[in-house]
Amino acid sequence: MVQFMVSVDLSVVNLGLPRIAAGLGFGVIGLTWVIHAYALTFGGLLLLGGKIADRYGHKRVLLLGLAVFGLASLAGGFAQEPGQLVAGRALQGIGAAALSPAALALLTVTFPSGKARVRAYGIWSAVNAAGGALGVLIGGVLTEYAGWRWVMFVSVPMAAVALALAWRGVASAPPTAPGGRPDVPGAVLATAGMSLLVFGVVRTDQYAWTSPVTLATLTIAAALLAAFVHVERTTGRDPLIRLGLLANRSVAGANSYNLLLGAAMASSFYFASLYLQQVLHASPTVAGIELLPFAIGVIAGAAVAVKLGYRLPLRTMLVIGGLVTATGFAWFGLISADGSFLADVLGPSLVTSVGFGLCLGPVVSAATVGVAPSETGTASGWLASSRQIGASLGLAALGTAAHARTGETTTMEGLTEGYALGMTLGAVLLVGAVLIAFTVLPRTSAASPAEHGSRDLVPEPE
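Visitor: Can you break down the side chain of arginine 89 residue by residue, with the values?
Guide: With respect to the helices and strands, arginine 89 occurs in helix 6 (residues 82-110). By relative accessible area, arginine 89 is classed as buried at 1%. Within the structure, the side chain of arginine 89 is placed 2.9 Å from the side chain of aspartate 9, a separation counted as a polar contact. Setting aside its immediate chain neighbours within four residues, arginine 89 contacts Asp9, Val13, Val34, Ile35, Ala37, Tyr38, Thr41 and Met152.

Visitor: Summarise the packing of helix 1 (residues 2-11) against helix 5 (residues 58-77); cite the residues concerned and give the values.
Guide: The N-to-C vectors of helix 1 and helix 5 enclose an angle of 35 degrees; their axes lie 12 Å apart at closest approach. For the pair helix 1 and helix 5, the sense of crossing is left-handed. For the pair formed by helix 1 and helix 5, the contact residues are Val2, Met5 and Asp9 on the first element and Leu62, Leu66 and Phe69 on the second. Grouping the constituent residues of the contact of helix 1 with helix 5 by class yields 5 nonpolar, no polar and 1 charged.

Visitor: Hey, could you go over the packing of aromatic side chains for me, with residue numbers and the actual values?
Guide: This structure, assessed with the given rule, holds 7 aromatic pairs. Residues phenylalanine 329 and phenylalanine 356 carry aromatic rings whose centres are separated by 6.2 Å and whose planes lie at 85 degrees to one another, so their mutual orientation is edge-to-face. Here phenylalanine 329, found in helix 15 (residues 314-332), pairs with phenylalanine 356, found in helix 16 (residues 341-367); they are 27 residues apart in sequence, far enough to count as distant. Each residue in the set Phe78, Trp150 and Phe153 is aromatic and connected to the rest through ring pairs, giving one cluster. The ring of phenylalanine 438 has arginine 315 lying over it, and the distance from NZ or CZ to the ring centre is 5.2 Å.

Visitor: I'd like to hear about the environment of arginine 55, residue by residue, with values.
Guide: Turning to its location among the elements, arginine 55 is positioned in helix 4 (residues 33-56). Given the relative accessible area of 17%, arginine 55 is considered buried. Along the sequence, arginine 55 and glycine 377 sit 322 residues apart, while their C-alpha atoms lie 8.8 Å from each other.

Visitor: Which residues make up helix 7 (residues 114-145), and what values do they have?
Guide: Here helix 7 contains 32 residues, and its C-alpha end-to-end distance of 45 Å stays within 8% of the 46 Å for a straight helix at 1.5 Å per residue. Of all the bends found along helix 7, the most pronounced is centred on leucine 134 and spans about 30 degrees. Backbone geometry just after helix 7 places glycine 147 at a positive phi near 110 degrees.

Visitor: Help me get a handle on the confidence of the model for the chain, residues and values and all.
Guide: Counting all residues, the mean pLDDT for the chain is 84, and 94% of those residues have values of 70 or more. For the chain, per-element mean pLDDT is lowest for helix 3 (residues 28-31), which scores 68, and highest for helix 5, which scores 95. Within the model, the stretch residues 445-462 combines pLDDT values under 50 with 47 contacts to residues more than four positions away or in other chains.

Visitor: Break down the packing of helix 4 against helix 10 (residues 184-202) for me, with residues and values.
Guide: Two quantities define a packed helix pair, namely the angle between the axes and the distance from one axis to the other. Relative to each other, helix 4 and helix 10 sit at 150 degrees, their axes nearing to 8 Å. As far as their axial angle goes, helix 10 and helix 4 are roughly antiparallel. As for how helix 4 packs across helix 10, the hand of that crossing is right-handed. In this structure, helix 4 uses Trp33, His36, Ala39, Leu40, Gly43, Gly44, Leu45, Leu47 and Leu48 to contact helix 10, whose residues at the interface are Ala187, Ala190, Thr191, Met194, Ser195, Val198, Phe199 and Val202. Taken together, the residues that form the contact of helix 4 with helix 10 break down as 12 nonpolar, 5 polar and no charged.

Visitor: Would you mind going over the side chain of serine 386 in detail, with residue names and values included?
Guide: Counting through the fold element by element, serine 386 comes out in helix 17 (residues 376-406). Among the residues examined, serine 386 registers a relative accessible area of 8% and is labelled buried. Polar contacts involving the side chain of serine 386 include one to the side chain of asparagine 255, which spans 3.2 Å. Ignoring anything within four residues of it in the chain, the contact list for serine 386 reads Asn255, Asn258 and Leu259.

Rules used throughout
One numbering rule holds for all chains: residues counted from 1, following each sequence as written. The model is predicted, so local features are restricted to residues of pLDDT at least 70 and side-chain atom pairs to those at 80 or more, both for listing and for counting; the totals for chains, interfaces and linings are taken over all residues. Excluded from the side-chain calculations are hydrogens and water; all other atoms, namely the structure's heavy atoms, are used. Numbering of helices and strands starts at the N terminus; helices are DSSP runs of H or I of at least 4 residues and strands are runs of E of at least 2. Note on classification: 1.4 Å probe, protein chains only; a residue is buried when its accessible area is under 20% of the maximum for its type, exposed when over 50%, partly exposed between these limits. Here a polar contact is recorded for every N or O atom pair within 3.5 Å, except that within protein the pair must consist of a potential hydrogen donor and a potential acceptor, and residues adjacent in sequence are included only if both atoms are side-chain atoms. Here, two residues are considered to be in contact whenever any of their heavy atoms come within 4.5 Å of each other. Interaxial angles span 0 to 180 degrees and are taken between N-to-C directions of axes, which are lines fitted to C-alpha atoms, for helices over the stretch in contact. Note: crossing handedness is left-handed where the near helix turns anticlockwise from the far helix by less than a right angle, and right-handed where it turns clockwise. Gly falls in the polar group here, along with every residue not listed as nonpolar (Ala, Val, Leu, Ile, Met, Phe, Trp, Tyr, Cys, Pro) or charged (Asp, Glu, Lys, Arg). Any two rings among Phe, Tyr and Trp, with Trp reduced to its six-membered ring, count as a pair given centres within 6.5 Å; such a pair is stacked if its planes are under 30 degrees apart, edge-to-face if over 60, and tilted if neither. For a lysine, the NZ atom is tested; for an arginine, the CZ atom; a charge sits over a ring if that atom is within 6 Å of the ring centre and within 35 degrees of the ring normal. The span expected for a helix works out to 1.5 Å for each residue beyond the first. Fitting axes to the seven residues that end at a residue and to the seven that start at it, the angle between those axes gives the bend at that residue. pLDDT: the predictor's confidence for each residue, scored from 0 to 100. Any angle that falls under 35 degrees is termed roughly parallel, while one over 145 is termed roughly antiparallel, one within 65 to 115 roughly perpendicular, and all others oblique.

Spelled out as structure tokens, the structure:
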């Protein structure tokens, strides 16, 4: 429920933006902050959220994050001016940055190994991607038939139900991280650096990659993150991230894979939605319905991943899933200006989504293999952060490439060529992810692949 809500909220407002602008008097530039405010606080605070969950208790932070998220959604729905809605979206991002790594850490601790772990991650990955796909449909239907305010209100009952379920169904446990002085300088540097990185990337829709504004923002972000690494290496406090965690090949490889997967996944929704609406002239609601096969394919892929996960090593699963997804993207790259949903969208949507479903559970499991219980929140926050950064970078970079291919003319042929290029580049990203899985992730024995847990993965001799 938690992951579905967070995924829905990443995309639910997109189709309501024109009516939000008309209802509250947003300018063209200001309207983008309805999206950016959430992405900025969510992406910038994930590492800190994961550490807080380890330090103060996963259940406690999950409940707090859900309360903040629900109240922010309610306040945003009642907004009377642009600043109030942007503030509500930013507060939603803060709540999501707390509850997302806490929820995933609880999943990791509750299912440390065995078939239950494989099944739990399969369910998590299915609702994660299905929420992203259904968010577009939910946003379109609510905007058209209930009013734009309901794209904010819809999260309130979901947060309330999740809060009740977590209160009753999640066992209380003491914090897993040791005490000690908190690493305040590291937290400040990491949050500022991550926030500026997301800010610089999402603003490339207004400032080119080579503009002084973008270059200065990304340079400062890189300097802050470099300073953060230095502080983590030398601090006598309880570090925000133990750098030794990234020396774990499974953690490092899974996060690198996840970065590219997030970049491709965000781009697929973006280009497919634009192609359906701008080239095939589908309405927002119809476009949302036509993206439903994507959600169905992810669920099917996740179910297959559960079955294969009992038999195949994680690395093999990620290679297979990445290749299937890359094939779907390459197929998407063949779209035409005089195409149709059945001929140009349905087939590649199913292939791509099944591939995503095969990848999502295993990449989460790989990112937490060998991680101590005291660092599950940190590892979960790192994984969520790599997905968010990948989505921001991929959407900005591939969107820029697509726009450059389209050029100044906005003919159907030009738009289609741009979207096709974006999808083809997505296939390239997935091939890169496959190479990472093959070369970085440790090989594991197929003798006990059902376990897929930190206690049961036995490395083969290199």
